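Residue-level structure breakdown
What follows is the residue order along each chain.
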Amino acid sequence: MCIRDRSTWGVQHEGYLAYIQMNENGDLGAFVFCDAEYPRRLAFALIKKALEEYNATVRDNWKKFKSDENIPCPAARKLFLDYQDPKKVDALSAAQENVERTQVIMHDNIQKLLARNEDIDQLVQKSKDFSLQSKVFYKNSKKMNKCCTLF
């Protein structure tokens, strides 16, 4: 599957994604490989920031090379390392994880509450049974006491 939007592309292959973005001039691009779980929005934010850092550090010096070269850009490298964990760089991802954790806790609490409700229902039923038995006991004891009189 290929997703294209002007200067950005997304290609999916065997559960992995490659996101590609070109700079405004269309002469420099960057790409990110990630799994399908990684947020698309963050992948493109990373690429955009990496291109900005690269342009700020290297400027047009890359144009003088005629073959592949390893041009160091520590700031872009740091960005790629920082973006390994989306929660560290994105408040929305961190909030989403908090919501998911809270959802799990709430689900457990609801299950416990339902289990307690069953226990309460059983206690109410036992209480009704006990109340009925005590009424029967009271009636029987009253009948028995009719035959006996105290002087």
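What you see is a predicted model; the values in this text were computed from it and never measured.

Take the packing of aromatic side chains next. Going through the model one piece at a time under the given rule, you end up with two aromatic pairs. Aromatic side chains F31 and F33 sit 5.3 Å apart centroid to centroid with 70 degrees between the ring planes, which places their arrangement in the edge-to-face category. Both residues of the pair, F31 and F33, count as exposed.

With that out of the way, let us pick up the pattern of salt bridges. One pass over the full model with this rule turns up three salt bridges. The shortest N-O distance in the salt bridge between D90 and R41 comes to 2.8 Å. Of this pair, D90 sits in the loop between α3 (86–89) and α4 (91–146) while R41 sits in helix α1 (residues 40–58), placing them 49 residues apart in sequence. Close ionic contact of E97 with R101 constitutes a salt bridge, the shortest N to O distance being 2.8 Å.

Each value, and the rule that gives it
Starting afresh in each chain, residues are numbered from 1 along the sequence in its written order. Reporting of local features is limited, given that this is a predicted model, to residues whose pLDDT is at least 70; pairs of side-chain atoms are given and counted only at 80 or more, and all residues count toward the totals for whole chains, interfaces and linings. No hydrogens and no water enter the side-chain calculation; it runs on all heavy atoms of the structure. Only Phe, Tyr and Trp rings are paired, with Trp represented by its six-membered ring, and only when their centres lie within 6.5 Å; those with planes under 30 degrees apart are stacked, over 60 edge-to-face, the remainder tilted. Each residue is assigned to one of three classes by its accessible area relative to the maximum for its type, calculated with a 1.4 Å probe on protein chains only: buried under 20%, partly exposed between the two thresholds, exposed over 50%. The salt bridge criterion pairs a side-chain nitrogen of Lys or Arg with a carboxyl oxygen of Asp or Glu, the two atoms within 4 Å. Secondary structure elements are taken from DSSP: a helix is a run of H or I of four residues or more, a strand is a run of E of two residues or more, and numbering for both begins at the N terminus.

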